[in-house]
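Below, each chain spelled out in residue letters.
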Amino acid sequence: MSYLIKNRLKLIRRYVENKEVLDFGSVGSRDEEIFSEVKKITKSIAGIDMQKPTKNKEIVQGNAETYNFKRKFDVVMMGDILEHVSNQGLLLDNARRHLKPHGLLILTTPNLRSAWIFQRQREDHVLGHVKETLIQLLVRHKFKVRELRYYSGNKKYPFFITPFILNRQFLVVAERAE
């Protein structure tokens, strides 16, 4: 199992274990591997991505901003997808629509205030966030932030670099507000 998958599982395990989970952005570089590992510890899992899945029959191809699974979940995961979508509010509204009362949204997204801001931004990123704008976006779409923390992202770095990149990504756990 790669560092990325171990790191992501370590961060989210307590929230997804034995839960019904919906994963937005299930296909891509290592996303289907993450999906497969999370599947082992959940009660059930479904996923969606714009790309066609190659390994998991539980993943449908479609638009996460609008797709209707016609069921509710305990947890919706969004691993590094928010910054890629055209309408972040529509995506969050759809996530909320699929959550049971008091269900959890777990998302990761880059922190624009990290030291990596001086790095050239990816062309496939539509809109990024700082802590304040991310919290405001979630509140406006009826989520209550339970936990917001920084982590070093999806890559393993030499120990002497780690202190400089600990705030590279956000990990947010937000509850569906009623």
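Given the structure is predicted, the values throughout are model-derived calculations rather than measurements.

Regular strands have side chains that alternate between both faces of the sheet. With respect to burial, strand S1 (residues 20–24) is a largely interior element, five of its five residues being buried. Every second residue of S1 is oriented toward a common face, with Glu 20, Leu 22 and Phe 24 on one face and Val 21 and Asp 23 on the other, all of them buried. Across five bridges, S1 lies against strand S2 (residues 44–49) in parallel orientation. From the neighbouring strand, Leu 22 faces S2, where its bridge partner is Ala 46. Where S1 lies against strand S4 (residues 73–79), four bridges are found, and the strand directions are parallel. Bridging from a neighbouring strand, Phe 24 pairs with Met 78 of S4.

Another point: the packing of aromatic side chains. In the structure shown here, the tally under the stated rule is two aromatic pairs. Seen from their ring centres, Tyr 67 and Phe 69 are 4.8 Å apart, and the 65° between their planes marks the pair as edge-to-face. For Tyr 67, a relative accessible area of 31% corresponds to the partly exposed category. Overall, the relative accessible area of 17% leaves Phe 69 in the buried class. Note on Phe 69 and Phe 73: the rings are 6.1 Å apart at their centroids and 90° apart in plane angle, and the pair reads as edge-to-face.

Parameters and conventions
Residues numbered from 1 in each chain as written. Predicted model: local features only at pLDDT ≥ 70, side-chain atom pairs only at ≥ 80, totals over all residues. Heavy atoms only, no water. Buried < 20%, exposed > 50% of the residue type's maximum accessible area, 1.4 Å probe, protein only. Helix = DSSP H or I, 4+ residues; strand = E, 2+ residues; numbered from the N terminus. Pairing = 2+ DSSP bridges. Phe/Tyr/Trp six-rings, centres within 6.5 Å; stacked < 30°, edge-to-face > 60°.

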